[in-house]
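# A structural walkthrough
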2 protein chains.
Amino acid sequence: MTDTLAAVRPIEKRLAAARDAAVRLATVTTAQKDAALEAIALALVERADEILPANELDLANGRENGLSSGLQDRLRLDRARLDQLAAAVREVIALPDPVGEVVRGSALPNGLRIAQTRVPFGVVGAIYEARPNVTIDIAALALKSGNAVVLRGGSAAENTNRVLVELLADALERTGLPGDAVQTVDPFGRDGARRLMTARGFVDVLIPRGSAELIRTVVEESTVPVIETGAGVVHLVLDESADEAMAIEVAVNSKVQRPSVCNALETLLVDARAAERLLPPVLSALREAGVTIHADERARAIFPDAVPVTPEDWGTEHMSLDLSVGVVDDLDSAIGHIRRYSTKHTEAIVTNDLARAERFLAEVDAAVVMVNASTRFTDGGQFGFGAEVGISTQKLHARGPMGLPELTSTKWVVRGTGQIRG
Amino acid sequence: MTDTLAAVRPIEKRLAAARDAAVRLATVTTAQKDAALEAIALALVERADEILPANELDLANGRENGLSSGLQDRLRLDRARLDQLAAAVREVIALPDPVGEVVRGSALPNGLRIAQTRVPFGVVGAIYEARPNVTIDIAALALKSGNAVVLRGGSAAENTNRVLVELLADALERTGLPGDAVQTVDPFGRDGARRLMTARGFVDVLIPRGSAELIRTVVEESTVPVIETGAGVVHLVLDESADEAMAIEVAVNSKVQRPSVCNALETLLVDARAAERLLPPVLSALREAGVTIHADERARAIFPDAVPVTPEDWGTEHMSLDLSVGVVDDLDSAIGHIRRYSTKHTEAIVTNDLARAERFLAEVDAAVVMVNASTRFTDGGQFGFGAEVGISTQKLHARGPMGLPELTSTKWVVRGTGQIRG
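Residues numbered from 1 in each chain as written. Chains lettered and ligands numbered in written order. Predicted model: local features only at pLDDT ≥ 70, side-chain atom pairs only at ≥ 80, totals over all residues. Heavy atoms only, no water.

## Quick look at the interface of chain B and chain A
- Residue-level contacts link 71 residues of chain B with 71 residues of chain A.
- Summing both partners gives a buried area of about 6,000 Å² for chain B against chain A, and 53% of it is carried by carbon and sulfur.
- On the chain B side of the interface with chain A, the three residues burying the most area are L396, W412 and R421 of chain B, jointly 14% of the side's total.
- In this assembly, chain B and chain A are joined by 12 salt bridges.
- Across the pair E228 of chain A and R200 of chain B runs a salt bridge whose closest N-O atoms are separated by 3.1 Å.
- At the boundary of chain B and chain A, one finds 45 residue pairs in polar contact (both at pLDDT 80 or more).
- Counting only elements with at least two residues in the side of chain B that touches chain A, the list comes to helix 2 (11-25), strand 2 (113-120), helix 10 (212-221), helix 11 (244-256), helix 16 (354-363), strand 13 (368-373), strand 15 (400-402) and strand 16 (408-419) of chain B.
- One ladder, built from 5 bridges, connects strand 16 (residues 408-419) of chain A with strand 13 of chain B; its direction is parallel. (Contact = heavy atoms within 4.5 Å. Buried area = accessible area lost by both parts, 1.4 Å probe. Salt bridge = Lys/Arg side-chain N within 4 Å of Asp/Glu carboxyl O. Polar contact = N/O pair within 3.5 Å; in protein donor to acceptor, adjacent residues only side chain to side chain. Helix = DSSP H or I, 4+ residues; strand = E, 2+ residues; numbered from the N terminus. Pairing = 2+ DSSP bridges.)

## Quick notes on the sheet that holds strand 13 of chain B
- Judged by pairing direction, the sheet is mixed, and its 10 strands sit side by side in the order 1(A)-2(A)-16(A)-13(B)-12(B)-7(B)-8(B)-11(B)-9(B)-10(B) without closing on themselves. In the strand order of this sheet, the two ends are held by strand 1 (102-107) of chain A together with strand 10 (307-308) of chain B, each with one partner.
- In this structure, strand 9 (residues 292-295) of chain B lies alongside strand 10 of chain B, joined through 2 bridges in parallel fashion. When the sheet's bridge partners are listed, H294 of chain B is paired in strand 10 of chain B with V307 of chain B.
- Packed onto the sheet, helix 16 of chain B meets strand 16 of chain A together with strand 7 (234-238), strand 12 (346-350) and strand 13 of chain B and runs at close to 145 degrees relative to strand 16 of chain A. (Axes fitted to C-alpha atoms, helices over the stretch in contact; angles between N-to-C directions.)

## Some words on the side chain of T375 of chain B
All names here are of chain B.
- Among the secondary structure elements, T375 is positioned in the loop between strand 13 and strand 14 (390-392).
- Within the structure, T375 has its side chain in polar contact with the backbone oxygen of N263 (distance 2.8 Å).
- Leave out the neighbours within four places in its chain, and T375 touches V234, H235, S254, N263, A264, L265, T346, A348 and M370.

## A short note on the sheet that holds strand 5 (residues 182-184) of chain B
Residue and element names in this part refer to chain B.
- Reading across from one edge, 5-4-3-6 is the order of the 4 strands in this open sheet, with parallel pairing throughout. Looking at the sheet topology across the chains shown, the edges are occupied by strand 5 and strand 6 (205-209). Adjacent strand axes in the sheet meet at a mean angle of 20 degrees, parallel and antiparallel pairs treated alike.
- Sheet strands in contact with helix 2 are strand 3 (123-128), strand 4 (148-152) and strand 5, and its direction is about 150 degrees off that of strand 4.
- Where helix 10 meets the sheet, it contacts strand 3 and strand 6, and its direction lies at approximately 160 degrees from that of strand 6.

## With respect to the pattern of salt bridges
- Within this structure, the stated rule accounts for 70 salt bridges over all chains.
- The closest approach of N and O atoms between R216 of chain B and E213 of chain B, which form a salt bridge, is 2.7 Å. Linking R216 of chain B with E213 of chain B, this pair stays in helix 10, spanning 3 residues, or about one helical turn.
- Through salt bridges with shared partners, a single network forms among D239, E240, D271, R273, D353 and R356 of chain A.

## Looking at the UniProt feature "domain: Aldehyde dehydrogenase" (unreviewed entry) in chain A
- The residues that UniProt annotates with the feature "domain: Aldehyde dehydrogenase" (unreviewed entry) are residues 10-290 of chain A.
- In residues 10-290 of chain A, helix accounts for 54% and strand for 16%; the two terminal C-alpha atoms are 52 Å from one another. (UniProt positions renumbered as here; feature names shortened; annotations may be inferred.)

## So, the pairing of strand 4 (residues 148-152) of chain A
Residues and elements named next belong to chain A.
- For strand 4, a buried count of 5 out of 5 residues is recorded, marking the element as mostly surrounded by other parts of the structure.
- Burial of strand 4 is two-sided: the residues A148, V150 and R152 facing one way and the residues V149 and L151 facing the other way are all buried.
- As defined by bridge partners, strand 3 (residues 123-128) adjoins strand 4 across 5 bridges and the pair is classed as parallel. Residue A126 lies in a different strand from strand 4, and its bridge partner there is L151. (Buried < 20%, exposed > 50% of the residue type's maximum accessible area, 1.4 Å probe, protein only.)

## Observations regarding the packing of helix 3 (residues 30-46) of chain A against helix 6 (residues 79-94) of chain A
All names here are of chain A.
- Orientation of helix 3 relative to helix 6, taken along the N-to-C sense of each, is 170 degrees, at an axis distance of 8 Å. What the angle tells us is that helix 3 and helix 6 run roughly antiparallel. The segment helix 3 lies against helix 6, with D34, L37, E38, I40, A41, L42, L44 and V45 engaging L82, D83, L85, A86, V89, R90, V92 and I93.
- Split by residue class, the contact of helix 3 with helix 6 holds 12 nonpolar, no polar and 4 charged. (Parallel < 35°, antiparallel > 145°, perpendicular 65-115°, else oblique. Nonpolar A, V, L, I, M, F, W, Y, C, P; charged D, E, K, R; others polar.)

Here it is, written out as C-alpha cells:
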C-alpha cells in the first residue's frame, strides 16, 4: 500500500513539497531541530522491527540480483548498526547550529549596517547507492543545518529506505516540524535521479556519494549545482632529508590503518638520493603489514621483491593493500608526478628540509597538503568538525572535509534608516 | 597574420598552457602581480593606436550585421574609455591580495597544526558578449587573485579582444610573469565556448556575464563549476507602518537612480492598509521621475493613471523606467508574491514595525535582504569590496556581490612532527 501511495504522488509535488518545507525549516530554532533529531534517534531503535524486515527483503533481492558481497555488507542493517546510526544522529545534535552565524559585517560610511549571515541552502539533494546509513546521516546533517532533503538512495536499498524516510517524516511531524522536509524520488527509478539532477528552482545543491562512476554521471548531467566528493589517489613523498623512523611510521599508517577509504595512501615517491637509505626499511615494514608493492624499475633495483608497477597503477585508487612506489630525481619530479596523477584530495611529504617543505605546501594543489603527518588525518572528525558531510575535491564552495557550515549558504542582511544612493 | 597564428594553436594547447601558467601564478608575490597590472594599465593608454582601429573594425562589422545600438555602445572604445579601463586596473592594484589569507586554523589535540588558507582557483573561464571592457576587468581581477584566465568574448568584439589579449600577455611577459596566463578561445567560435564549458581538469570555475539567455546556456551545458551572475526581479514592499517620506525616497531611488542594472527596482508591493495613504504620493513621485506605472486593479482603483499590469510583468526584469505595482493583503501575501517571482537577487521593505522587519529579513530568501534602504546598494563598491566580479544569485560558494576573495578557493595546510592516526 505504501508503494501505491508513493507512486501516486508525482515527482513535481515531492520537489515542491520539499521546497515549501524548507521555508519553514529555515526559521525554526535549534531546539526544535534538535528535538526532531532526538525523535529520529529514538525511532531508529524503537522501530527496528519494521526496518529490519524491509532490509531483509532488499538483501534477498540483492542476493538474487548478484549484488557483490561488499555491497551486500554496506546494505545490511542489524540492531547494532541501528544503535550506531542513532548514536551518529545524537552526535549531530551535539554540534553547533551554523544557521544565523554572522560571517562578516560592517557599518558603511552612510550608516547602513550589513551582515553576511549563514542561512540554510534550502533543499539539499543526495544521490547515493545501496547505503541506507547515508539516508539517516545526510538527513540528520541537512535537518540540523535547516535544510530539507530529497533523496535518491538507489533500487538496491529501496525497501529499507522507504521505511527510513517514513520514520524521518514521522519524527519531524511528531515534533511539530514539516514531514515534507524529507522526500524520496526512489519510486521513480532512474527517471527520479535524472529529475533530481535537473530540478533547478527546487534543489539548491546536489551531493553525490558513491562510486567514481556515479559521481561522474551526476557532475556531467546535473544542471543544479553539485558538490563533488571524489576519489583519492593520495601520494606521499619521502624527501632526501626524511627521518627514517618517521618515514616508516607515516607511510605504514597512511597505507594500512584503513586501506579502503579515500584518504589512504596509493603512491609512495622517494627522492633518488634517499632511495637506498629509505626504501628497504620502509617497503619491508609495509610488506610486513600485508601490503603488495608495485614498484618502478629504479625502486625494484633497490627492493627487488616487488611487482612491476604499470602506467595504469599511477592513476588508480586501489582501496586495497596495494601500493605504487616510484623513485624520483628531486622535488620537482615528485611535484610533477603528483600534478599529473593527483585527484587533488590529500598529498603529503616527509621531510626535515624547511625550504622543500614550504615549496611542497605552496606548489602542490590539493584539498589538503601535509608535512610530516599521516594522510589518514584528512577527516572531518579529526579536524574537529564533528560529523562529516563528505570530503570535497572540488574548489568551489567547499574544499576538503565538509562540516555543517558547508551545508549552508549566506545572505546579506542590510539594515538602514532610509538611506538612498547618491 | 595574428589570425593565422591564433588559429594554429589548438584549443587543447591553450587550455593546457593556461593550466601550466596558473601553477606559476599561484606562488608569485603580490608585488609581482601588481607590477604586471601596472604594465597593463599603462599599455591600455599607450597602445590606443592599436586598440581603437581594431575596435572600429568590430563596430563596422556590427553595423553591417545589424547589432543593436545598445550593444554597439557597449562594444565601443575611445580614449576616454581606455583611460577609465586603466583606472579600473589601478583600483584592482589597490585592493588587498586575498591569496595566503588564513581563513581559520587550529592546533589539534595531537599537536597537528591545520590552517585553511586562501589559494587561487587556478584557471578562471569567462564567457561574455560584445563587451571588451570585461576582457580587461576579468583578467585584472583574476590575475590579482593569482588565477590564469581563458576568455570567450564573442564574435562581435573579436578584433578588439584579440588586441587586448595580446596586450595582456605582453604586459605579463615584460614583468616576468607567464603570458600564457591569459588565453582566448575566440578563434574557435561557438565550438570554443562549448569546449570551455566542458574543460574539466583545465578550467576550475566558469563565470558567464551577459544576457539571461547566455547565462542559462552556460549553466545548462557546463560540466565545469559555474558561478551564476543572474538577473534581478527586485521587489520593494511598503509596509502598513512605512514612513511616507522614506517610502517615496527609497522607491524613487531604487527605481530611477540607474534603471538598466540588476539591482534596480522592478516591482513595488503595498500593504492594503497603507495603500490609500502611500500609493498616491509614491506613484506620483515615480511618475514625475519618468516611470511608467503598470498597476494591478486594486492599485489602479487608488491611482487610476496607470497601465494595467500583466501576469508576465511580475516576472520581468524591465531594465527600463517601467515598474509593476500591486496591493497585497498583508506581509504574508507580500512574501508569497516575492517567493513566486523573485530571482533571489535583492528584496527590500520599508517599515517601522520591528517584528515585520525581522520576519521579512528572516523569511525572504535572496542574496541581499534590506530594511529601509535603496535596493541600489547591492553592489561590491558600495559594500566596500573595491572592484566587483559580479553579483552571484546562486547559493553555492558566493552569494551577492563578489569581491576578490570570491575568486579564490582554499586548501588545508597541515604541519606535523610525524603524527599518525591511532
